[in-house]
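Given next are the chains, with one letter for each unit.
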Amino acid sequence: MKSILLIGLGRFGKHIAMDLGELGHEVMAVDKVEERVNDVLPFVTSAQIGDSTNQDFLESLGTRNFDVCIVAIGNDFQSSLETTSLLKELGAKLVVSRASRDVQAKFLLRNGADEVVYPEKQLAKWTAIRYSADHILDYIELDGENAMFEVKIPADWIGKTIGEIDIRKKYNINIIGIRRNEKLDLSVTPETVLSNGETMMVLGRYRDLQKCFRI
């Protein structure tokens, strides 16, 4: 369990608050709009109404005591940048800030952000990949080169073992799990037989996955 300071409770921030609450973390939520703060009260440990660009207010929250500080402000980049910078000045251990463009990310990283997230950009890429191919069911980008996909088993692989297909040697891709009847089996071996109606979790370089599965 971690202690998390979440600043900015728009749609993105609210969903973060809900998910963190479900995961059992201690969350202090902050926004200058009272209605937004009230909306997340059922999901967080505590909440404050205030302006995160005010140094005295931010310092009163005890920023250095949180394991993670998340700046989820989405519609006011100046406030996001100022908040990010102040958090670092006040001794925040880890600052994660939201950006919508690369230029924003550069400014945030130069002014105190340890990491930057792109919710719109990341969701757009996921949507493009997921819905541009019938056999791609899910996608997670691990870094600039590597990714994990959940894919339907190709017709010519059905009835064969993982060893027979030899996907690792041919494409440098690893099959790390098989989903059967909504349950994920991670205990795959070269003897595991691929059956109709199943899906695979595959891991590898994005360009190798593209070539293998015609993405």
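Bear in mind the structure is a predicted one, so any value in this text is a computation, not a measurement. (Residues numbered from 1 in each chain as written. Predicted model: local features only at pLDDT ≥ 70, side-chain atom pairs only at ≥ 80, totals over all residues. Heavy atoms only, no water.)

Caption draft 1: Local environment of the packing of helix α4 (residues 77-89) against helix α5 (residues 102-110). Where α4 meets α5, the axes come as close as 9 Å, and the angle between the chain directions of the two elements is 25°. Put simply, α4 runs roughly parallel to α5. In terms of crossing hand, the pair formed by α4 and α5 is right-handed. For the pair α4 and α5, the contacting residues are Phe77, Ser80, Leu81 and Thr84 in the first and Gln104, Phe107 and Leu108 in the second. In the contact of α4 with α5, the residues fall into four nonpolar, three polar and no charged. (Axes fitted to C-alpha atoms, helices over the stretch in contact; angles between N-to-C directions. Helix = DSSP H or I, 4+ residues; strand = E, 2+ residues; numbered from the N terminus. Parallel < 35°, antiparallel > 145°, perpendicular 65-115°, else oblique. Left-handed = near helix turned anticlockwise from the far one by under 90°. Contact = heavy atoms within 4.5 Å. Nonpolar A, V, L, I, M, F, W, Y, C, P; charged D, E, K, R; others polar.)

Caption draft 2: Examining the sheet that holds strand β7 (residues 136-141) more closely. Strand order in the open sheet made by the five strands is β7-β8-β11-β9-β10, with antiparallel pairing throughout. A single partner strand is all that each edge strand has here, and the edge strands are β7 and β10 (183-185). Direction aside, neighbouring strands of the sheet carry axes that sit 20° apart on average. Examined bridge by bridge, strand β9 (residues 174-180) and β10 share three bridges and lie antiparallel to one another. Directly across from isoleucine 178, in β10, lies its bridge partner aspartate 185. Where helix α9 (residues 206-213) meets the sheet, it contacts β7, β8 (146-152) and β11 (199-205), and its direction lies at approximately 135° from that of β11. (Pairing = 2+ DSSP bridges.)

Caption draft 3: View of the pattern of salt bridges. Applying the stated criterion across every chain, the model contains seven salt bridges. Across the pair aspartate 208 and arginine 205 runs a salt bridge, and its minimum N-O distance is 2.9 Å. Looking at aspartate 208, the relative accessible area reads 12%, which means it is buried. Each of Arg180, Asp185 and Glu198 takes part in a single network of salt bridges with overlapping partners. (Salt bridge = Lys/Arg side-chain N within 4 Å of Asp/Glu carboxyl O. Buried < 20%, exposed > 50% of the residue type's maximum accessible area, 1.4 Å probe, protein only.)

Caption draft 4: Inspection of the environment of valine 37 at higher detail. Within the element layout of this structure, valine 37 appears in helix α2 (residues 34-40). On the basis of relative accessible area, valine 37 is assigned to the buried category, the value being 4%. It is 9.6 Å that separates the C-alpha atoms of valine 37 and glycine 10, two residues lying 27 residues apart in sequence. Apart from residues lying up to four places away in sequence, valine 37 is in contact with Leu9, Asp31, Ala47, Gln48 and Ile49.

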